[in-house]
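One-letter residues, chain by chain:
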Amino acid sequence: MENGKVENLGDVPSPIDLRQMADAAEWAAGAMEKRPWRVAFFDRFAHELAGACRVLELGSGPGFLARHLLERLPQLRLELFDFSEAMHQLARERLGVLEERADFRLGSFREADWARGLPLCDAVITNQAAHEVRHKRHLPALHRQARSLLRPGAPYLMCDHYAGGDGMANDQLYATVEEQEAALRQAGFGDVALLMRQGGLAFFRAR
């Protein structure tokens, strides 16, 4: 670790730069068409968050999940955390008037102290973003920081691509489902449940 940044030796470089509007917009344009079953996962997020008031979304991107949740959960206020101002701009456009119930936080969860200054929440959630630590060995550190932002008994909801079988081929960037569970337990979560597995995505609830 150097200058507060996670050691990146051997990390998997990204083929696109989502901080650039052109790349961010291209990714957003194809995301739902490429994986239309993401809506089923969005519905499960909404179900799990039925009683939550303040929720932090890590890697919030262009706001697909945020809009889905804010439309269905009128009591909800979201903290949207992403490293890309371009993604935040796309999310603001997508949310429209719902933006009044969202706070935008610019930061990278590849930084060692990314959680500093963020409020305690009724849940921390992340969808299709945890692999952006750029190597699966960084997952326990990400989950540990997320755990530090949870109120007692609050859930951490983590959905991401997995490696192997019907999942992704890159087993350095992506963890297997078993490795995903192990990373959550290594981060200090004692109660870990696999809620959904479909189309190369696995969804865990951890407490």
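Preceding this paragraph is the structure being described.
Just so we're clear, the structure is a prediction, and the values are computed from it rather than from any experiment. Think of each chain on its own: its residues are numbered from 1, step by step along the sequence as written. For a predicted model such as this one, the threshold for reporting local features is a pLDDT of at least 70, and the threshold for listing and counting side-chain atom pairs is 80 or more; totals across whole chains, interfaces and linings nevertheless cover every residue. Side-chain calculation: all heavy atoms of the structure are included, whereas hydrogens and water are not.

A. Representation of the side chain of histidine 143 within the structure. Runs of H or I in DSSP of at least four residues are treated as helices and runs of E of at least two as strands, each being numbered from the N terminus. Examined against the element boundaries, histidine 143 turns out to sit in helix α5 (residues 139-147). The classification of residues rests on relative accessible area computed with a 1.4 Å probe and restricted to protein chains. Under 20% of the type maximum is buried, over 50% is exposed, and intermediate values are partly exposed. Classification of histidine 143 as buried rests on a relative accessible area of 0%. We define a polar contact as two N or O atoms separated by no more than 3.5 Å, with the added condition that, inside protein, one atom must be a possible hydrogen donor and the other a possible acceptor, whereas residues neighbouring each other in sequence contribute only through side-chain atom pairs. For histidine 143, the side chain forms a polar contact with the side chain of tyrosine 156, separated by 2.9 Å.

B. Inspection of the packing of aromatic side chains at higher detail. Pairing of aromatic rings covers Phe, Tyr and Trp, the last through its six-membered ring, and needs centres within 6.5 Å; plane angles under 30 degrees mean stacked, over 60 mean edge-to-face, and all others mean tilted. Scanning the entire structure with this criterion turns up 4 aromatic pairs. Arranged with centres 6.5 Å apart and planes meeting at 35 degrees, the rings of phenylalanine 41 and phenylalanine 203 form a pair that is tilted. Of this pair, phenylalanine 41 sits in helix α2 (residues 38-48) while phenylalanine 203 sits in strand β7 (residues 201-206), placing them 162 residues apart in sequence. This pair shows no difference in class: phenylalanine 41 is buried, exactly as phenylalanine 203 is. Between phenylalanine 81 and tryptophan 114 the ring centres are 5.5 Å apart and the planes differ by 50 degrees, which places this aromatic pair in the tilted class. Highlighted residues: phenylalanine 81 in strand β2 (residues 77-82) and tryptophan 114 in the loop between β3 (102-106) and β4 (123-127), separated in sequence by 33 residues. This pair shows no difference in class: phenylalanine 81 is buried, exactly as tryptophan 114 is. A connected cluster of aromatic rings, assembled from ring pairs, spans Phe41, Phe45 and Phe203.

C. Region of interest: the side chain of glutamine 180. Mapped onto the elements of the fold, glutamine 180 is located in helix α6 (residues 177-186). Of note is the side chain of glutamine 180, whose polar atom sits 2.8 Å from the backbone oxygen of histidine 161. Residues count as neighbours in contact if any of their non-hydrogen atoms are within 4.5 Å of one another. Once residues lying within four places of it in the same chain are set aside, the contact partners of glutamine 180 are Met158, Asp160, His161, Tyr162, Ala175, Ala202 and Phe204.

D. Quick peek at the packing of α2 against helix α3 (residues 64-72). Whenever a helix is involved, its axis is fitted only over the stretch in contact; in every case the axis is a line through C-alpha atoms, and angles between N-to-C directions fall within 0 to 180 degrees. Across the interface, α2 lies against α3 with an axial gap of 10 Å and an inter-helix angle of 45 degrees. As summarised for this structure, α2 and α3 are arranged oblique, according to the angle between their axes. As for the relative orientation of α2 and α3, their crossing is right-handed in sense. Here Arg38, Val39, Phe42, Asp43, Phe45 and Ala46 of α2 come into contact with α3, specifically with Phe64, Leu65, His68, Leu69 and Arg72. By the definition adopted for this analysis, an angle is roughly parallel if under 35 degrees, roughly antiparallel if over 145, roughly perpendicular if from 65 to 115, and oblique otherwise. By convention, the crossing between two helices is left-handed when the near helix turns anticlockwise from the far helix through less than a right angle, and right-handed when the turn is clockwise.

E. Up close: the pattern of salt bridges. The salt bridge criterion pairs a side-chain nitrogen of Lys or Arg with a carboxyl oxygen of Asp or Glu, the two atoms within 4 Å. All chains considered together, the criterion is met by 19 salt bridges. For aspartate 11, the salt bridge identified is with arginine 137, shortest N-O distance 2.9 Å. Taken together, the residues span a long stretch of sequence, with aspartate 11 in the segment before α1 (21-34) and arginine 137 in the loop between β4 and α5 at a distance of 126 residues. According to the relative accessible area criterion, arginine 137 is partly exposed, its value standing at 38%. Glutamate 179 is paired through a salt bridge with lysine 136; the nearest N and O atoms lie 3.1 Å apart.

F. Here's a closer look at α5. Along α5, the residues that are buried comprise Leu139, Pro140, Leu142, His143, Gln145 and Ala146. Buried-residue contacts for α5 involve β1 (54-58), β4, β5 (156-161) and α6.

G. Structural view of the sheet that holds strand β6 (residues 192-198). Read across the open sheet, the 7 strands follow the order β3-β2-β1-β4-β5-β7-β6; overall the sheet is mixed. With partners counted over all chains shown, the strands left at the sheet margins are β3 and β6, one partner each. Between one strand and the next, the sheet's axes are offset by a mean angle of 20 degrees, whatever the strand orientation. Pairing between strands is defined by DSSP: at least two bridges between them are needed. Direction of pairing for β2 relative to β3: parallel, over a ladder of 5 bridges. Within the sheet, the bridge partner assigned to aspartate 82 lies in β3 and is leucine 106. Strand contacts of α2: β4, β5, β6 and β7, with the helix running at about 150 degrees to β6, the strand carrying the most contacts.

H. Geometry of unusual backbone geometry. Positioned with a positive phi, glutamine 128 is a non-glycine residue whose angle comes to about 60 degrees. Here glutamine 128 lies in the loop between β4 and α5. Residue glutamine 128 is classed as buried on the basis of its relative accessible area of 10%. Phi at arginine 134 takes a positive value of approximately 75 degrees, unusual for a residue other than glycine. With respect to the element layout, arginine 134 can be found in the loop between β4 and α5.

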